[in-house]
Amino acid sequence: GGQGALQVTVGGCELALRRLGEACQGATGQDQLRARAALARGHRLAGQVDRALELLGELKSADAPEELQLEVLWETASANMAVDRHEEVLATLEQAIALGRALPAGATPVVPLPEIKARLGYALAFLERHERATEVFEEGLADARDAGDHRAEASVLSHWAAAAMRQGDFGEATGLYSRMVE
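Residues numbered from 1 in each chain as written. Predicted model: local features only at pLDDT ≥ 70, side-chain atom pairs only at ≥ 80, totals over all residues. Heavy atoms only, no water.

Colleague: Would you mind going over the overall build of the chain in detail, with residue names and values included?
Modeller: For the chain, the helix and strand inventory stands at ten helices and zero strands. Seen along its three principal axes, the alpha-carbon backbone of the chain occupies a region of about 50 × 35 × 30 Å. Counting every position in the chain, which comprises 182 residues, the buried fraction comes to 43%. Computing the positive centroid from 18 side-chain charges and the negative centroid from 28, the chain places the two 5 Å apart. (Helix = DSSP H or I, 4+ residues; strand = E, 2+ residues; numbered from the N terminus. Buried < 20%, exposed > 50% of the residue type's maximum accessible area, 1.4 Å probe, protein only. Lys, Arg positive; Asp, Glu negative; His and termini not counted. Charge placed at Lys NZ, Arg CZ, Asp CG, Glu CD.)

Colleague: Just give me the short version of the packing of aromatic side chains, but keep the residues and values in it.
Modeller: Using the criterion set out here, one finds one aromatic pair in the structure. Their ring planes at 15° and their centres at 5.3 Å tell us that Phe 137 and Trp 160 sit as a pair that is stacked. Taken as a pair, Phe 137 in helix α8 (residues 130-147) and Trp 160 in helix α9 (residues 150-167) lie far apart in primary sequence, 23 residues in all. The ring of Trp 74 is capped by Arg 119, whose NZ or CZ atom sits 4.0 Å from the centre of that ring. (Phe/Tyr/Trp six-rings, centres within 6.5 Å; stacked < 30°, edge-to-face > 60°. Lys NZ or Arg CZ within 6 Å of the ring centre and 35° of its normal.)

Colleague: A description of the side chain of Glu 115 should follow, citing residues and the corresponding values.
Modeller: Position of Glu 115 relative to the elements: it lies in helix α7 (residues 113-126). Of the residues examined, Glu 115 reaches a relative accessible area of 9% and is grouped as buried. When near neighbours in sequence (up to four residues on either side) are disregarded, Glu 115 contacts Trp 74, Arg 151, Ala 152 and Ser 155. (Contact = heavy atoms within 4.5 Å.)

Colleague: Give me the packing of helix α5 (residues 66-82) against α7: which residues, what numbers.
Modeller: As a packed pair, α5 and α7 sit with axes 12 Å apart at the nearest point and diverge in direction by 25°. Viewed along their axes, α5 and α7 adopt a mutual orientation that is roughly parallel. As for how α5 packs across α7, the hand of that crossing is left-handed. On the side of α5, the interface is formed by Leu 70, Trp 74, Ala 77, Ser 78 and Met 81, while α7 contributes Glu 115, Ile 116, Arg 119, Tyr 122 and Ala 123. (Axes fitted to C-alpha atoms, helices over the stretch in contact; angles between N-to-C directions. Parallel < 35°, antiparallel > 145°, perpendicular 65-115°, else oblique. Left-handed = near helix turned anticlockwise from the far one by under 90°.)

Colleague: If you had to explain unusual backbone geometry to someone new, which residues and values would you point to?
Modeller: The phi dihedral of Asp 84 is positive, around 60°, even though this residue is not glycine. Tracing the chain through its elements places Asp 84 in the loop between α5 and α6 (86-102). For Asp 84, a relative accessible area of 53% puts it in the exposed group. Its identity is not glycine, yet Glu 128 carries a phi of approximately 65°, on the positive side. Given the relative accessible area of 62%, Glu 128 is considered exposed.

Colleague: So, the packing of α5 against α6: which residues are in play, and what are the values?
Modeller: The relative placement of two packed helices is expressed as an angle between their axes plus a distance between the axes. Look at α5 against α6: their axes get within 8 Å of each other, and the N-to-C directions meet at 165°. By the criterion of interaxial angle, the relationship of α5 to α6 is roughly antiparallel. For the crossing formed where α5 meets α6, the hand is left-handed. Residue-level contacts link Glu 66, Gln 69, Leu 70, Leu 73, Trp 74, Thr 76, Ala 77, Asn 80 and Met 81 of α5 to His 86, Glu 88, Val 89, Thr 92, Leu 93, Gln 95, Ala 96, Leu 99 and Gly 100 of α6. Of the residues in the contact of α5 with α6, the class split is nine nonpolar, seven polar and two charged. (Nonpolar A, V, L, I, M, F, W, Y, C, P; charged D, E, K, R; others polar.)

Colleague: Residues and numbers for a nonpolar patch on the surface, please.
Modeller: Together, Met 165, Phe 170, Tyr 177, Met 180 and Val 181 line one region of the surface with nonpolar side chains, adding up to about 490 Å² of accessible area. Broken down by element, the nonpolar patch gets its largest block of residues, three residues, from helix α10 (residues 170-180). Checked against the element boundaries, Val 181 lands in the segment after α10. For Val 181, a relative accessible area of 71% corresponds to the exposed category. (Patch = residues over 30% accessible without salt bridge, like charges linked within 9 Å, V, L, I, M, F, W, Y side chains within 5 Å. Areas by Shrake-Rupley, 256 points an atom, 1.4 Å probe, with all protein chains shown as cover. Salt bridge = Lys/Arg side-chain N within 4 Å of Asp/Glu carboxyl O.)

Colleague: Account for the layout of surface pockets, naming residues and giving values.
Modeller: Considered as a void within the structure, the largest pocket measures approximately 240 Å³ in volume. Around the largest pocket, the lining comprises 13 residues; the ones closest to its centre are Gly 100, Pro 109, Pro 112, Leu 113 and Pro 114. When residues of the lining of the largest pocket are traced back to their parent elements, those giving at least two are α7 and α8. Looking at side-chain class alone, the lining of the largest pocket contains ten nonpolar, one polar and two charged residues. (1 Å grid on protein atoms, 1.4 Å probe; cavity = no way out; pocket = protein on both sides within 12 Å on 5 of 7 lines; lining within 4 Å. Points joined across faces, edges and corners; volume = space filled by probe spheres on them.)

Structure below.
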């Protein structure tokens with residue numbers, strides 16, 4: 001995954017970013033917006049977080065479908081998390097949750113709501129807002145189970161366990177990791 005897969009696929013990070021940039025120039029309308037989101041993701045994976053955030057900021061103001069807006073918010077949170085800007089992560093993920101809840105029935109977002117809540121819970125725990133983090137993890141877990149989404153359920157439990165490890169609660173972390181394989 002990540003930068004390694006990008007390099008294997010196209011032969012190097014700089015070449016991949018150049019090709020993504022070319023795709024942006026050759027596309028129009030929503031295809032261009034999607035290509036620009038991919039370019040921003042590429043910059044984030046290459047460690048060029050400021051460039052990624054610049055591109056994502058431009059996309060936030062674009063007239064894009066809600067699913068793409070949600071993807072832009074997710075990528076923005078990911079970029080901010082990569083550089084430990086956790087307050088920005090919180091604000092962005094709260095926006096993503098509100099947008100995710102407002103999606104029309106049948107919409108298939110790139111990132112399911114429980115996974116957004118998993119990342120939000122981790123960011124809250126990182127900022128030592130443990131009570132609220134636990135509430136968000138529980139909501140995300142319930143949402144994943146209600147949807148029958150085992151991948152999202154594992155993501156919530158994994159983020160929750162990582163937060164517990166970070167807090168030094170190894171017993172809690174072990175219990176959460178064990179629940180992932182049940």
